[in-house]
Amino acid sequence: MERYDVVVVGAGPAGSLAARAAAEGGARTLLLDHRVELGHPVQCGEFLPTALELSDLFDCPELIAEAYDVPSNTVLRATRTMTCVSPYGHRFRFPLSGYTVSRRAFDKALAIRAEGAGAALEYPVGVTEVHGNEVVCAGGRRVGASVVIGADGPLSTVARSVGFAPVRTMFRMITATVDGPLDDGIDIYFGRTAPHGYAWFFPRAYDANVGLGVARLPGGVSLDRLLDRFLERHRLGPGRERTRWWVPIGPPPDRLVYGPVALAGDAANLVMATNGGGIPTAMLSGWLAGRAAARHVRDGTPLGEYDDAWRAALFAPLDRAFRVLSFSDRAAGFDPLLALGMRYIGVAGLDAMMRLRWPPRLGRNS
Ligand SMILES: Cc1cc2nc3c(=O)[nH]c(=O)nc-3n(C[C@H](O)[C@H](O)[C@H](O)COP(=O)(O)OP(=O)(O)OC[C@H]3O[C@@H](n4cnc5c(N)ncnc54)[C@H](O)[C@@H]3O)c2cc1C
(Lines give C-alpha, C1' and ligand atoms only; values in the text may rest on other atoms or scores of the structure.)
Protein backbone atom coordinates (compact mmCIF):
# COMPACT_ATOMS: atom_id res chain seq x y z
CA MET A 1 0.00 0.00 0.00
CA GLU A 2 1.18 3.57 -0.71
CA ARG A 3 2.17 5.46 2.42
CA TYR A 4 2.42 9.15 3.29
CA ASP A 5 2.95 10.92 6.59
CA VAL A 6 -0.12 13.09 6.03
CA VAL A 7 -3.03 12.69 3.61
CA VAL A 8 -5.28 15.73 3.22
CA VAL A 9 -8.73 15.12 1.71
CA GLY A 10 -10.09 18.18 -0.15
CA ALA A 11 -8.11 20.95 -1.85
CA GLY A 12 -10.33 23.88 -0.86
CA PRO A 13 -8.95 26.66 1.37
CA ALA A 14 -8.77 24.40 4.47
CA GLY A 15 -7.09 21.49 2.70
CA SER A 16 -4.55 23.52 0.75
CA LEU A 17 -3.48 25.43 3.86
CA ALA A 18 -3.28 22.14 5.81
CA ALA A 19 -1.17 20.49 3.10
CA ARG A 20 1.12 23.50 2.88
CA ALA A 21 1.69 23.65 6.65
CA ALA A 22 2.27 19.88 6.84
CA ALA A 23 4.74 19.91 3.93
CA GLU A 24 6.57 22.96 5.29
CA GLY A 25 6.82 21.11 8.60
CA GLY A 26 8.70 18.31 6.84
CA ALA A 27 5.87 15.76 6.45
CA ARG A 28 5.49 13.71 3.24
CA THR A 29 2.08 15.02 2.28
CA LEU A 30 -0.57 14.01 -0.26
CA LEU A 31 -3.43 16.41 -1.13
CA LEU A 32 -6.45 14.83 -2.88
CA ASP A 33 -9.56 16.40 -4.43
CA HIS A 34 -12.37 14.87 -6.42
CA ARG A 35 -12.92 17.91 -8.63
CA VAL A 36 -11.84 17.91 -12.26
CA GLU A 37 -10.98 21.60 -11.94
CA LEU A 38 -10.05 23.00 -8.52
CA GLY A 39 -12.29 25.91 -7.45
CA HIS A 40 -14.88 25.19 -10.14
CA PRO A 41 -17.87 25.33 -10.21
CA VAL A 42 -17.86 28.37 -7.91
CA GLN A 43 -20.21 27.82 -4.98
CA CYS A 44 -19.38 30.99 -3.10
CA GLY A 45 -20.07 34.72 -2.66
CA GLU A 46 -16.31 35.26 -3.07
CA PHE A 47 -16.03 37.90 -0.34
CA LEU A 48 -13.19 38.00 2.18
CA PRO A 49 -12.44 40.49 4.95
CA THR A 50 -8.97 42.02 5.10
CA ALA A 51 -6.51 40.59 7.64
CA LEU A 52 -7.05 43.70 9.76
CA GLU A 53 -10.83 43.16 9.88
CA LEU A 54 -10.27 39.49 10.67
CA SER A 55 -7.99 40.44 13.57
CA ASP A 56 -10.87 42.47 14.97
CA LEU A 57 -12.86 39.23 15.34
CA PHE A 58 -10.16 36.66 16.09
CA ASP A 59 -7.49 37.50 18.64
CA CYS A 60 -4.66 35.53 17.00
CA PRO A 61 -2.50 38.03 15.08
CA GLU A 62 0.42 35.65 14.54
CA LEU A 63 -1.78 32.92 13.10
CA ILE A 64 -3.54 35.42 10.82
CA ALA A 65 -0.19 36.78 9.62
CA GLU A 66 1.07 33.25 8.86
CA ALA A 67 -2.00 31.65 7.35
CA TYR A 68 -4.36 34.34 6.03
CA ASP A 69 -2.45 35.38 2.96
CA VAL A 70 -4.88 36.12 0.11
CA PRO A 71 -3.12 35.66 -3.27
CA SER A 72 -3.17 39.17 -4.75
CA ASN A 73 -3.59 37.93 -8.33
CA THR A 74 -6.98 36.43 -7.38
CA VAL A 75 -8.43 39.69 -6.03
CA LEU A 76 -11.15 41.19 -8.23
CA ARG A 77 -12.03 44.29 -6.23
CA ALA A 78 -11.21 45.95 -2.93
CA THR A 79 -14.37 46.81 -1.00
CA ARG A 80 -14.70 49.42 1.72
CA THR A 81 -18.22 49.27 3.12
CA MET A 82 -21.03 46.92 4.04
CA THR A 83 -24.66 48.02 3.65
CA CYS A 84 -27.40 46.12 5.49
CA VAL A 85 -30.76 46.60 3.77
CA SER A 86 -33.93 46.17 5.86
CA PRO A 87 -37.05 44.37 4.56
CA TYR A 88 -38.53 47.78 3.61
CA GLY A 89 -35.43 49.07 1.88
CA HIS A 90 -33.80 51.19 4.58
CA ARG A 91 -30.05 51.16 4.07
CA PHE A 92 -27.49 51.08 6.90
CA ARG A 93 -23.95 51.56 5.63
CA PHE A 94 -20.76 51.23 7.67
CA PRO A 95 -17.04 50.73 6.96
CA LEU A 96 -15.82 47.18 6.35
CA SER A 97 -12.66 46.50 4.37
CA GLY A 98 -12.44 43.41 2.25
CA TYR A 99 -11.98 41.98 -1.20
CA THR A 100 -13.89 39.96 -3.68
CA VAL A 101 -11.78 37.23 -5.20
CA SER A 102 -12.18 34.88 -8.12
CA ARG A 103 -12.83 31.70 -6.18
CA ARG A 104 -11.98 29.74 -9.31
CA ALA A 105 -8.49 31.25 -9.26
CA PHE A 106 -8.21 31.42 -5.45
CA ASP A 107 -8.56 27.68 -4.78
CA LYS A 108 -6.04 26.89 -7.52
CA ALA A 109 -3.56 29.44 -6.20
CA LEU A 110 -3.71 28.01 -2.66
CA ALA A 111 -3.25 24.45 -3.98
CA ILE A 112 -0.26 25.56 -6.06
CA ARG A 113 1.29 27.07 -2.93
CA ALA A 114 0.87 23.70 -1.17
CA GLU A 115 2.56 21.99 -4.11
CA GLY A 116 5.32 24.57 -3.97
CA ALA A 117 5.91 23.63 -0.34
CA GLY A 118 6.40 20.00 -1.41
CA ALA A 119 2.93 18.42 -1.11
CA ALA A 120 1.89 15.98 -3.85
CA LEU A 121 -1.41 17.18 -5.37
CA GLU A 122 -3.69 14.72 -7.18
CA TYR A 123 -7.10 15.31 -8.74
CA PRO A 124 -9.65 14.19 -9.66
CA VAL A 125 -9.37 11.56 -6.92
CA GLY A 126 -12.47 10.97 -4.82
CA VAL A 127 -12.18 9.58 -1.30
CA THR A 128 -14.98 7.21 -0.39
CA GLU A 129 -14.05 6.23 3.17
CA VAL A 130 -11.46 6.54 5.91
CA HIS A 131 -10.66 3.60 8.22
CA GLY A 132 -8.29 4.79 10.94
CA ASN A 133 -4.99 5.41 9.18
CA GLU A 134 -6.21 4.25 5.79
CA VAL A 135 -7.80 6.38 3.10
CA VAL A 136 -9.92 4.54 0.54
CA CYS A 137 -10.30 6.20 -2.86
CA ALA A 138 -12.84 5.61 -5.63
CA GLY A 139 -11.72 2.59 -7.63
CA GLY A 140 -10.32 0.87 -4.54
CA ARG A 141 -6.93 2.62 -4.25
CA ARG A 142 -5.77 2.62 -0.60
CA VAL A 143 -3.34 5.09 0.92
CA GLY A 144 -1.88 4.76 4.41
CA ALA A 145 -1.07 7.82 6.52
CA SER A 146 0.08 8.66 10.03
CA VAL A 147 -2.44 11.52 9.99
CA VAL A 148 -5.52 12.08 7.81
CA ILE A 149 -6.91 15.62 7.57
CA GLY A 150 -10.55 15.88 6.54
CA ALA A 151 -10.99 19.18 4.69
CA ASP A 152 -13.66 17.94 2.33
CA GLY A 153 -16.34 20.53 2.90
CA PRO A 154 -19.82 20.54 4.44
CA LEU A 155 -20.80 17.04 3.28
CA SER A 156 -17.47 15.62 4.45
CA THR A 157 -16.89 11.94 3.84
CA VAL A 158 -14.03 11.95 6.34
CA ALA A 159 -16.18 13.51 9.08
CA ARG A 160 -18.88 10.89 8.47
CA SER A 161 -16.28 8.10 8.57
CA VAL A 162 -15.16 9.08 12.09
CA GLY A 163 -18.70 9.64 13.40
CA PHE A 164 -18.45 13.44 13.70
CA ALA A 165 -22.07 14.58 14.14
CA PRO A 166 -22.23 18.22 15.25
CA VAL A 167 -25.36 20.17 16.08
CA ARG A 168 -26.02 22.29 13.00
CA THR A 169 -28.43 23.59 10.42
CA MET A 170 -27.42 23.16 6.81
CA PHE A 171 -28.23 26.48 5.12
CA ARG A 172 -29.31 26.17 1.50
CA MET A 173 -27.32 28.52 -0.69
CA ILE A 174 -27.62 29.68 -4.29
CA THR A 175 -25.37 32.00 -6.22
CA ALA A 176 -25.05 33.47 -9.73
CA THR A 177 -23.23 36.21 -11.62
CA VAL A 178 -25.04 39.30 -12.95
CA ASP A 179 -24.06 42.54 -14.69
CA GLY A 180 -23.49 45.29 -12.09
CA PRO A 181 -24.18 46.89 -9.69
CA LEU A 182 -20.61 48.08 -9.31
CA ASP A 183 -19.29 50.16 -6.48
CA ASP A 184 -16.88 49.56 -3.63
CA GLY A 185 -19.41 48.25 -1.14
CA ILE A 186 -21.05 44.92 -0.41
CA ASP A 187 -24.83 44.88 0.14
CA ILE A 188 -26.78 42.36 2.15
CA TYR A 189 -30.59 42.17 2.23
CA PHE A 190 -32.72 40.85 5.09
CA GLY A 191 -36.36 39.81 5.30
CA ARG A 192 -38.71 37.72 3.22
CA THR A 193 -36.25 37.85 0.34
CA ALA A 194 -34.24 35.22 2.21
CA PRO A 195 -36.11 34.12 5.34
CA HIS A 196 -33.79 33.41 8.32
CA GLY A 197 -30.82 34.23 6.12
CA TYR A 198 -29.86 36.99 3.72
CA ALA A 199 -29.36 37.84 0.06
CA TRP A 200 -26.31 39.68 -1.29
CA PHE A 201 -24.71 41.66 -4.07
CA PHE A 202 -20.91 41.54 -3.98
CA PRO A 203 -19.16 43.57 -6.70
CA ARG A 204 -16.49 41.76 -8.73
CA ALA A 205 -14.20 43.39 -11.31
CA TYR A 206 -16.77 43.85 -14.11
CA ASP A 207 -19.87 42.13 -12.77
CA ALA A 208 -21.39 41.10 -9.45
CA ASN A 209 -21.81 37.93 -7.42
CA VAL A 210 -25.43 37.65 -6.30
CA GLY A 211 -26.97 35.00 -4.12
CA LEU A 212 -28.86 34.09 -1.02
CA GLY A 213 -28.88 31.57 1.79
CA VAL A 214 -31.78 30.36 3.92
CA ALA A 215 -32.11 28.07 6.91
CA ARG A 216 -35.29 26.59 5.44
CA LEU A 217 -37.42 27.20 2.38
CA PRO A 218 -40.82 28.91 2.83
CA GLY A 219 -43.60 26.46 1.86
CA GLY A 220 -43.70 25.63 -1.83
CA VAL A 221 -40.99 28.08 -2.90
CA SER A 222 -37.77 26.77 -4.41
CA LEU A 223 -34.33 28.26 -3.87
CA ASP A 224 -34.22 29.26 -7.55
CA ARG A 225 -37.57 31.00 -7.27
CA LEU A 226 -36.34 33.00 -4.24
CA LEU A 227 -33.35 34.16 -6.29
CA ASP A 228 -35.55 34.94 -9.32
CA ARG A 229 -37.78 37.13 -7.14
CA PHE A 230 -34.77 38.94 -5.68
CA LEU A 231 -33.32 39.61 -9.14
CA GLU A 232 -36.72 40.70 -10.53
CA ARG A 233 -36.99 43.23 -7.69
CA HIS A 234 -33.71 44.69 -8.93
CA ARG A 235 -34.83 44.55 -12.59
CA LEU A 236 -32.15 42.01 -13.38
CA GLY A 237 -32.27 38.90 -15.55
CA PRO A 238 -31.68 35.38 -14.24
CA GLY A 239 -27.88 35.70 -14.15
CA ARG A 240 -25.18 33.29 -15.27
CA GLU A 241 -23.51 30.25 -13.75
CA ARG A 242 -26.06 29.44 -11.07
CA THR A 243 -24.88 26.97 -8.46
CA ARG A 244 -26.44 25.63 -5.29
CA TRP A 245 -24.63 24.33 -2.22
CA TRP A 246 -24.65 24.14 1.58
CA VAL A 247 -23.23 26.08 4.52
CA PRO A 248 -23.19 24.38 7.96
CA ILE A 249 -24.22 26.72 10.79
CA GLY A 250 -24.09 25.69 14.42
CA PRO A 251 -22.14 26.19 17.63
CA PRO A 252 -18.45 25.30 17.35
CA PRO A 253 -17.82 21.61 18.06
CA ASP A 254 -16.15 20.19 21.19
CA ARG A 255 -13.29 18.48 19.39
CA LEU A 256 -11.93 17.89 15.92
CA VAL A 257 -9.39 15.12 16.49
CA TYR A 258 -10.55 11.50 16.25
CA GLY A 259 -7.60 9.14 16.61
CA PRO A 260 -5.32 9.80 13.61
CA VAL A 261 -7.94 12.01 11.91
CA ALA A 262 -8.28 15.80 12.23
CA LEU A 263 -11.07 17.88 10.66
CA ALA A 264 -10.83 21.47 9.37
CA GLY A 265 -12.95 24.13 7.65
CA ASP A 266 -16.55 23.36 6.70
CA ALA A 267 -15.97 19.65 7.37
CA ALA A 268 -15.41 20.71 10.98
CA ASN A 269 -18.39 23.11 11.12
CA LEU A 270 -16.15 26.16 11.55
CA VAL A 271 -18.30 28.81 9.85
CA MET A 272 -19.03 32.31 11.19
CA ALA A 273 -22.75 32.04 12.01
CA THR A 274 -23.45 35.78 11.74
CA ASN A 275 -22.53 35.95 8.05
CA GLY A 276 -21.99 32.41 6.75
CA GLY A 277 -18.38 33.24 5.89
CA GLY A 278 -16.15 30.19 6.18
CA ILE A 279 -13.08 30.86 4.04
CA PRO A 280 -10.99 32.64 6.71
CA THR A 281 -11.75 30.02 9.38
CA ALA A 282 -11.07 27.26 6.85
CA MET A 283 -7.65 28.74 6.15
CA LEU A 284 -6.79 29.25 9.82
CA SER A 285 -8.02 25.83 10.98
CA GLY A 286 -6.39 24.09 8.00
CA TRP A 287 -3.08 25.71 8.80
CA LEU A 288 -3.28 24.68 12.47
CA ALA A 289 -4.26 21.10 11.55
CA GLY A 290 -1.38 20.79 9.06
CA ARG A 291 1.11 22.20 11.53
CA ALA A 292 -0.01 19.86 14.32
CA ALA A 293 0.09 16.89 11.92
CA ALA A 294 3.70 17.69 10.93
CA ARG A 295 4.75 17.95 14.58
CA HIS A 296 3.03 14.69 15.39
CA VAL A 297 4.92 12.94 12.58
CA ARG A 298 8.23 14.64 13.40
CA ASP A 299 8.47 14.23 17.17
CA GLY A 300 5.37 12.41 18.35
CA THR A 301 3.59 15.49 19.76
CA PRO A 302 -0.01 14.31 20.35
CA LEU A 303 -2.32 15.30 17.50
CA GLY A 304 -4.64 16.64 20.20
CA GLU A 305 -2.43 19.74 20.10
CA TYR A 306 -4.62 20.77 17.15
CA ASP A 307 -7.72 20.77 19.38
CA ASP A 308 -5.97 23.08 21.86
CA ALA A 309 -4.75 25.37 19.07
CA TRP A 310 -8.02 25.86 17.15
CA ARG A 311 -9.98 26.26 20.40
CA ALA A 312 -7.61 28.99 21.59
CA ALA A 313 -7.79 30.86 18.28
CA LEU A 314 -11.34 30.31 17.02
CA PHE A 315 -13.74 28.91 19.60
CA ALA A 316 -14.85 32.05 21.49
CA PRO A 317 -15.69 34.24 18.45
CA LEU A 318 -17.43 31.34 16.66
CA ASP A 319 -19.42 30.57 19.79
CA ARG A 320 -20.38 34.20 20.23
CA ALA A 321 -21.35 34.51 16.55
CA PHE A 322 -23.70 31.57 16.95
CA ARG A 323 -25.29 33.17 20.02
CA VAL A 324 -25.65 36.53 18.25
CA LEU A 325 -27.35 34.75 15.34
CA SER A 326 -29.68 32.84 17.68
CA PHE A 327 -30.60 36.12 19.38
CA SER A 328 -31.24 38.10 16.18
CA ASP A 329 -33.01 35.20 14.49
CA ARG A 330 -36.01 35.69 16.80
CA ALA A 331 -37.04 38.65 14.63
CA ALA A 332 -36.04 37.10 11.32
CA GLY A 333 -39.35 35.46 10.40
CA PHE A 334 -41.48 38.63 10.62
CA ASP A 335 -40.54 41.57 8.40
CA PRO A 336 -42.17 44.40 10.43
CA LEU A 337 -40.36 43.28 13.60
CA LEU A 338 -37.08 42.83 11.74
CA ALA A 339 -37.35 46.28 10.12
CA LEU A 340 -38.21 47.84 13.49
CA GLY A 341 -35.28 46.05 15.17
CA MET A 342 -32.87 47.25 12.49
CA ARG A 343 -34.06 50.85 12.85
CA TYR A 344 -33.87 50.58 16.62
CA ILE A 345 -30.26 49.43 16.78
CA GLY A 346 -29.35 51.58 13.78
CA VAL A 347 -26.15 51.68 11.82
CA ALA A 348 -23.91 51.63 14.91
CA GLY A 349 -25.71 48.59 16.30
CA LEU A 350 -25.57 46.67 13.02
CA ASP A 351 -21.88 47.47 12.64
CA ALA A 352 -21.30 46.31 16.23
CA MET A 353 -23.34 43.16 15.61
CA MET A 354 -21.21 42.21 12.60
CA ARG A 355 -18.19 42.73 14.83
CA LEU A 356 -19.77 40.57 17.57
CA ARG A 357 -19.99 43.50 20.00
CA TRP A 358 -23.78 43.68 20.09
CA PRO A 359 -25.87 42.89 22.02
CA PRO A 360 -23.47 43.74 24.85
CA ARG A 361 -25.22 41.56 27.41
CA LEU A 362 -24.14 38.43 25.54
CA GLY A 363 -20.57 39.41 26.57
CA ARG A 364 -17.70 40.11 24.17
CA ASN A 365 -16.16 36.78 23.14
CA SER A 366 -17.27 35.25 26.40
C1 LIG B 1 -23.24 30.02 -2.04
C2 LIG B 1 -22.17 30.20 -1.00
C3 LIG B 1 -21.63 31.45 -0.78
C4 LIG B 1 -20.58 31.60 0.14
N5 LIG B 1 -20.00 32.83 0.26
C6 LIG B 1 -18.92 32.97 1.08
C7 LIG B 1 -18.22 34.21 1.11
O8 LIG B 1 -18.53 35.17 0.39
N9 LIG B 1 -17.17 34.31 1.97
C10 LIG B 1 -16.78 33.27 2.78
O11 LIG B 1 -15.83 33.42 3.56
N12 LIG B 1 -17.44 32.09 2.75
C13 LIG B 1 -18.47 31.90 1.90
N14 LIG B 1 -19.10 30.69 1.82
C15 LIG B 1 -18.60 29.59 2.64
C16 LIG B 1 -17.30 29.06 2.04
O17 LIG B 1 -17.47 28.76 0.67
C18 LIG B 1 -16.82 27.82 2.79
O19 LIG B 1 -16.87 28.07 4.17
C20 LIG B 1 -15.39 27.47 2.40
O21 LIG B 1 -15.31 27.12 1.04
C22 LIG B 1 -14.89 26.29 3.25
O23 LIG B 1 -13.65 25.87 2.77
P24 LIG B 1 -13.23 24.33 2.94
O25 LIG B 1 -11.86 24.20 2.37
O26 LIG B 1 -13.48 23.89 4.32
O27 LIG B 1 -14.27 23.51 2.07
P28 LIG B 1 -14.56 23.59 0.50
O29 LIG B 1 -14.22 24.91 -0.06
O30 LIG B 1 -15.94 23.06 0.35
O31 LIG B 1 -13.53 22.56 -0.12
C32 LIG B 1 -13.70 21.18 0.03
C33 LIG B 1 -12.96 20.49 -1.09
O34 LIG B 1 -13.05 19.08 -0.86
C35 LIG B 1 -13.34 18.43 -2.06
N36 LIG B 1 -14.02 17.19 -1.72
C37 LIG B 1 -15.24 17.05 -1.17
N38 LIG B 1 -15.51 15.75 -0.94
C39 LIG B 1 -14.44 15.05 -1.38
C40 LIG B 1 -14.12 13.66 -1.44
N41 LIG B 1 -14.97 12.74 -0.98
N42 LIG B 1 -12.94 13.28 -1.97
C43 LIG B 1 -12.06 14.22 -2.45
N44 LIG B 1 -12.32 15.55 -2.41
C45 LIG B 1 -13.48 15.95 -1.88
C46 LIG B 1 -14.19 19.41 -2.86
O47 LIG B 1 -14.10 19.17 -4.25
C48 LIG B 1 -13.59 20.76 -2.46
O49 LIG B 1 -12.59 21.18 -3.37
C50 LIG B 1 -20.14 30.50 0.91
C51 LIG B 1 -20.71 29.24 0.71
C52 LIG B 1 -21.71 29.07 -0.25
C53 LIG B 1 -22.28 27.70 -0.48
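All values derive from a computational prediction rather than experimental measurement.

**Let's talk about unusual backbone geometry**
Generally, phi is negative for residues other than glycine and the peptide bonds are trans, each holding for most cases.
For step 1, the next point in the chain: A cis geometry characterises the amide bond from histidine 40 onward to proline 41, with omega recorded as 0 degrees.
For step 2, the next point in the chain: Residue proline 124 follows tyrosine 123 across a cis peptide bond; omega there is -5 degrees.
For step 3, the next point in the chain: Residue placement: proline 124 occurs in the loop between β6 (120–122) and β7 (127–131).
For step 4, the next point in the chain: Located in the positive-phi region is histidine 196, a residue other than glycine, with phi close to 55 degrees.
For step 5, the next point in the chain: Along the chain, the position of histidine 196 falls in the loop between β11 (185–189) and β12 (198–203).
For step 6, the next point in the chain: Its identity as a non-glycine residue notwithstanding, glutamate 241 has a phi of 50 degrees, on the positive side.

**Some words on the domain arrangement of the protein**
For step 1, the next point in the chain: Segmenting the protein into domains produces domain 1 (2–75 + 101–167 + 251–324) and domain 2 (79–99 + 169–248 + 335–362).
For step 2, the next point in the chain: Placing the centre of domain 1 and that of domain 2 at their C-alpha centroids yields a distance of 27 Å.
For step 3, the next point in the chain: Taken together, the 31 residues of domain 1 in the interface contact 29 residues of domain 2.
For step 4, the next point in the chain: Surface buried jointly by domain 1 and domain 2 totals about 2700 Å² across both partners, of which 58% is contributed by carbon and sulfur atoms.
For step 5, the next point in the chain: Scanning the region where domain 1 abuts domain 2 turns up four salt bridges.
For step 6, the next point in the chain: A salt bridge links arginine 204 to glutamate 46; the nearest nitrogen and oxygen atoms lie 2.8 Å apart.
For step 7, the next point in the chain: Joining domain 1 to domain 2, the criterion identifies 14 residue pairs in polar contact (both at pLDDT 80 or more).
For step 8, the next point in the chain: Breaking the side of domain 1 that touches domain 2 down by element, the ones donating at least two residues are β3 (47–49), α2 (51–57) and α8 (305–328).
For step 9, the next point in the chain: Residues of the side of domain 1 that touches domain 2, tallied by class, amount to 17 nonpolar, eight polar and six charged.

**Brief notes about helix α4 (residues 103–116)**
For step 1, the next point in the chain: For α4, built from 14 residues, the straight-helix expectation of 20 Å at 1.5 Å per residue is met to within 8% by its first-to-last C-alpha distance of 20 Å.
For step 2, the next point in the chain: Within α4 the residues assigned to the buried category are Arg103, Phe106, Asp107, Ala109, Leu110, Ala111 and Ala114.
For step 3, the next point in the chain: Looking at the packing, one finds that the buried side of α4 touches α1 (13–24), β2 (29–32), β3, β5 (91–101), β6 and α7 (279–299).
For step 4, the next point in the chain: Just beyond α4, the residue with positive phi is glycine 118, at close to 115 degrees.

**Topic: a nonpolar patch on the surface**
For step 1, the next point in the chain: A contiguous nonpolar surface patch, about 320 Å² in accessible area, is contributed by Phe334, Leu337 and Leu340.
For step 2, the next point in the chain: Position of leucine 337 among the secondary structure elements: in helix α9 (residues 335–354).
For step 3, the next point in the chain: Look at leucine 337 and you get partly exposed, because its relative accessible area is 41%.

Criteria and thresholds
Residues numbered from 1 in each chain as written. Predicted model: local features only at pLDDT ≥ 70, side-chain atom pairs only at ≥ 80, totals over all residues. Heavy atoms only, no water. Helix = DSSP H or I, 4+ residues; strand = E, 2+ residues; numbered from the N terminus. Domains from an automatic or database assignment. Contact = heavy atoms within 4.5 Å. Buried area = accessible area lost by both parts, 1.4 Å probe. Salt bridge = Lys/Arg side-chain N within 4 Å of Asp/Glu carboxyl O. Polar contact = N/O pair within 3.5 Å; in protein donor to acceptor, adjacent residues only side chain to side chain. Nonpolar A, V, L, I, M, F, W, Y, C, P; charged D, E, K, R; others polar. Expected span 1.5 Å × (residues − 1). Buried < 20%, exposed > 50% of the residue type's maximum accessible area, 1.4 Å probe, protein only. Patch = residues over 30% accessible without salt bridge, like charges linked within 9 Å, V, L, I, M, F, W, Y side chains within 5 Å. Areas by Shrake-Rupley, 256 points an atom, 1.4 Å probe, with all protein chains shown as cover.

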